[in-house]
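Spelled out from the first residue to the last, the chains are:
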Amino acid sequence: MSNRVQRGEVLNRTEMARHLGVAMPTLDEWVRRGCPVVERGGRGRQWKFNSAEVRAWRDEDIRHQMADTRLASTEELKRRKLAAETETVELELAKAKDLVVPVEQFERALAKAFGEVRAGLRNVVPGRAARRLIGESDETRVKAVLLDEIDQALTALADETLILEDDLELNEDESEEE
């Protein structure tokens, strides 16, 4: 890569992974392999990435990986092709057995579940905790009551089914897209 300053946004680790459409462990692996970092995180400091520098690095990384493929032996390429075909067949089988769902569908179901958790905590904890804490001035007691109320709310939510099978089924609109 060149030494000139790249334009781009400065993003934290979560934002960078979302921006690139990859999981955070993937971004972590790229950093181990040399992905540029503006500032490393740790001990309360966030990681900082320049989006343009990371994209340029990733483009170069892909070109480098493609060059490695051109240098591979015929046997290695056959092995890779067989592995990819096997993975495709296994994925199709998992889909047919309803063992996997599209990421977008799972994200919607998870967002709904988190919404229920948030609503449960916001609707239950403040009212019950307020009644128990009227006139209380001891900080240790306040913390204990709040933790107790949060634990009770989370226990009640844990007993509920937050993600229903219906939430993971494809709508007609989504099944037409495939």
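About the criteria used
Residues numbered from 1 in each chain as written. Predicted model: local features only at pLDDT ≥ 70, side-chain atom pairs only at ≥ 80, totals over all residues. Heavy atoms only, no water. Phe/Tyr/Trp six-rings, centres within 6.5 Å; stacked < 30°, edge-to-face > 60°. Helix = DSSP H or I, 4+ residues; strand = E, 2+ residues; numbered from the N terminus. Buried < 20%, exposed > 50% of the residue type's maximum accessible area, 1.4 Å probe, protein only. Core = buried A, V, L, I, M, F, W, Y, C linked by side-chain atoms within 4.5 Å. Contact = heavy atoms within 4.5 Å. Salt bridge = Lys/Arg side-chain N within 4 Å of Asp/Glu carboxyl O.

A. The packing of aromatic side chains, seen in detail. Within the structure shown, the criterion is met by two aromatic pairs. For the ring pair Trp 30 and Trp 57, a centre distance of 6.1 Å and an interplane angle of 50 degrees mean the geometry is tilted. Here Trp 57 lies in helix H3 (residues 51-70) and Trp 30 lies in helix H2 (residues 24-32), a separation of 27 residues in the sequence. The residues Trp 30 and Trp 57 share a single accessibility class, namely buried. Between Trp 47 and Phe 49 the ring centres are 6.0 Å apart and the planes differ by 10 degrees, which places this aromatic pair in the stacked class. Judged by its relative accessible area of 23%, Trp 47 is partly exposed. Taking relative accessible area as the criterion, Phe 49 reaches 1% and is therefore assigned buried.

B. Just the nonpolar core, in detail. Leu 11, Met 16, Ala 17, Leu 27, Trp 30, Val 31, Cys 35, Phe 49, Val 54 and Trp 57 form the largest nonpolar core, which has 10 residues in total. Counting only elements with at least two residues in this core, the list comes to helix H1 (13-20), H2 and H3. It is H2 that contributes the most residues to this core, three residues altogether. The residues contacting Leu 27, other than those within four sequence positions of it, are Arg 13, Met 16, Ala 17, Leu 20, Val 22 and Phe 49.

C. Spatial organisation of the pattern of salt bridges. One pass over the structure, following the stated rule, counts 16 salt bridges. Across the pair Asp 28 and Arg 13 runs a salt bridge whose closest N-O atoms are separated by 2.8 Å. Placement of Asp 28 in helix H2 and of Arg 13 in helix H1 is noted, with a sequence separation of 15 residues between them. Its relative accessible area of 23% is what places Asp 28 among the partly exposed residues. Taking relative accessible area as the criterion, Arg 13 reaches 24% and is therefore assigned partly exposed. Bridged by salt links that share partners, the residues Arg 128, Arg 132, Asp 148 and Glu 149 form one connected network.

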